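Geometric and topological summary
Here's the letter readout for the chains.
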Amino acid sequence: MTETPAVVDVRSLHVRFGEVEAVSGVDLRAYAGQATALLGRNGAGKSTTMRVLAGVVPPTAGQVLVAGHDVRTETLRVKQAVGYCPDVGGLVPRATAWEHLQLAARLRRMDHWEDRARDLLERFELGDVAHRVTAGFSHGMGRRLSVLLAALHEPEVLLLDEPFDGVDPIGVEATFDVISDARARGACVLVSTHLRELAVQSCTTVSVLRGGSAVATVSAGEMAGEEGARAYRGLLD
Ligand SMILES: Nc1ncnc2c1ncn2[C@@H]1O[C@H](COP(=O)(O)OP(=O)(O)OP(=O)(O)O)[C@@H](O)[C@H]1O
């Protein structure tokens with residue numbers, strides 16, 4: 001039997017910022033049609049790992065392939081393959097939500113994107129504020145727009161860093177829908193979060209990071225409920 005190739009293949013990833021080793025030996029594999037959560041406490045190395053996968057931060061050591069492309073040598077190809085919602089920033093304060101969508105569509109050379117953009121804006125309840133500048137957006141509205149922008153072009157790899165942070169139930173539901181739609185069309189989804197319950201609800205697999213290393217990769221079901229909470233605490237202690 002041939003093994004399904006991983007769409008995201010991370011081997012012994014290390015990322016150092018001066019004296020700080022933010023990621024120290026992460027191994028991770030994620031697959032088409034699956035959603036993988038990177039779960040861990042503040043400072044565990046989740047966002048740094050996501051930045052490497054997005055081609056934003058180079059690895060210090062290790063091998064990272066995204067959609068078959070090496071993040072170190074084929075960074076542009078990686079950026080073309082992914083849709084990335086960063087944990088912070090990424091929005092232009094003086095641009096409207098619609099202008100963000102226009103720019104994203106132009107950068108991706110998308111035709112006929114407007115209907116999908118309108119549909120996503122409605123799903124995320126941002127239709128009424130589409131022509132307002134994002135400087136006036138609440139934190140949750142900004143998060144919702146960032147998820148929407150990452151998903152607009154239906155990327156092969158969808159990277160959502162803290163998509164639920166400060167987001168209300170409608171936004172959480174819309175994000176769940178974006179994740180399941182992406183999975184249904186065969187995309188590989190990664191979600192970084194410190195919220196165990198939402199990781200379990202939105203993902204098929206959970207990789208737990210602690211102190212810059214991946215300490216366990218289990219099916220999402222194993223992290224569910226009271227038993228999952230105990231198992232998770234056990235991995236963090
Ligand atoms: N640009 C940077 N310069 C220096 N240290 C950094 C930088 N980025 C991250 N770090 C450090 O690397 C470690 C991992 O940070 P990272 O943001 O990846 O963790 P995280 O799991 O995403 O945390 P959180 O849940 O708080 O977002 C932390 O100790 C952080 O302070």
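Residues numbered from 1 in each chain as written. Predicted model: local features only at pLDDT ≥ 70, side-chain atom pairs only at ≥ 80, totals over all residues.

On to the pairing of strand S3 (residues 35–39), then. Within S3, 5 of the 5 residues are buried, leaving the element largely enclosed by the surrounding structure. Inspection of the sheet shows S3 paired to strand S8 (residues 188–193) by 5 bridges, in the parallel sense. Paired with Thr36 across the bridge in S8 is Leu190. One ladder, built from 4 bridges, connects S3 with strand S9 (residues 205–210); its direction is parallel. Paired with Leu39 across the strands is Val208, a residue of S9. (Buried ≥ 20, exposed ≤ 12 C-beta atoms within 10 Å, placed from the backbone. Helix = DSSP H or I, 4+ residues; strand = E, 2+ residues; numbered from the N terminus. Pairing = 2+ DSSP bridges.)

What follows concerns the sheet that holds strand S10 (residues 213–219). Across the sheet, 6 strands lie side by side as S6-S7-S8-S3-S9-S10; this open sheet has mixed pairing. Each edge of the open sheet is held by one strand with a lone partner, namely strand S6 (82–85) and S10. In this sheet, neighbouring strand axes are inclined to one another by 15 degrees on average, regardless of whether the strands run parallel or antiparallel. In terms of strand pairing, S6 meets strand S7 (residues 157–161) through 4 bridges, oriented parallel. Bridged to Cys85 within S7 is Leu160. Packing against the sheet, helix H5 (residues 139–151) makes contact with S6 and S7, and its axis sits at approximately 175 degrees to S6. (Axes fitted to C-alpha atoms, helices over the stretch in contact; angles between N-to-C directions. Contact = placed C-beta atoms within 7 Å.)

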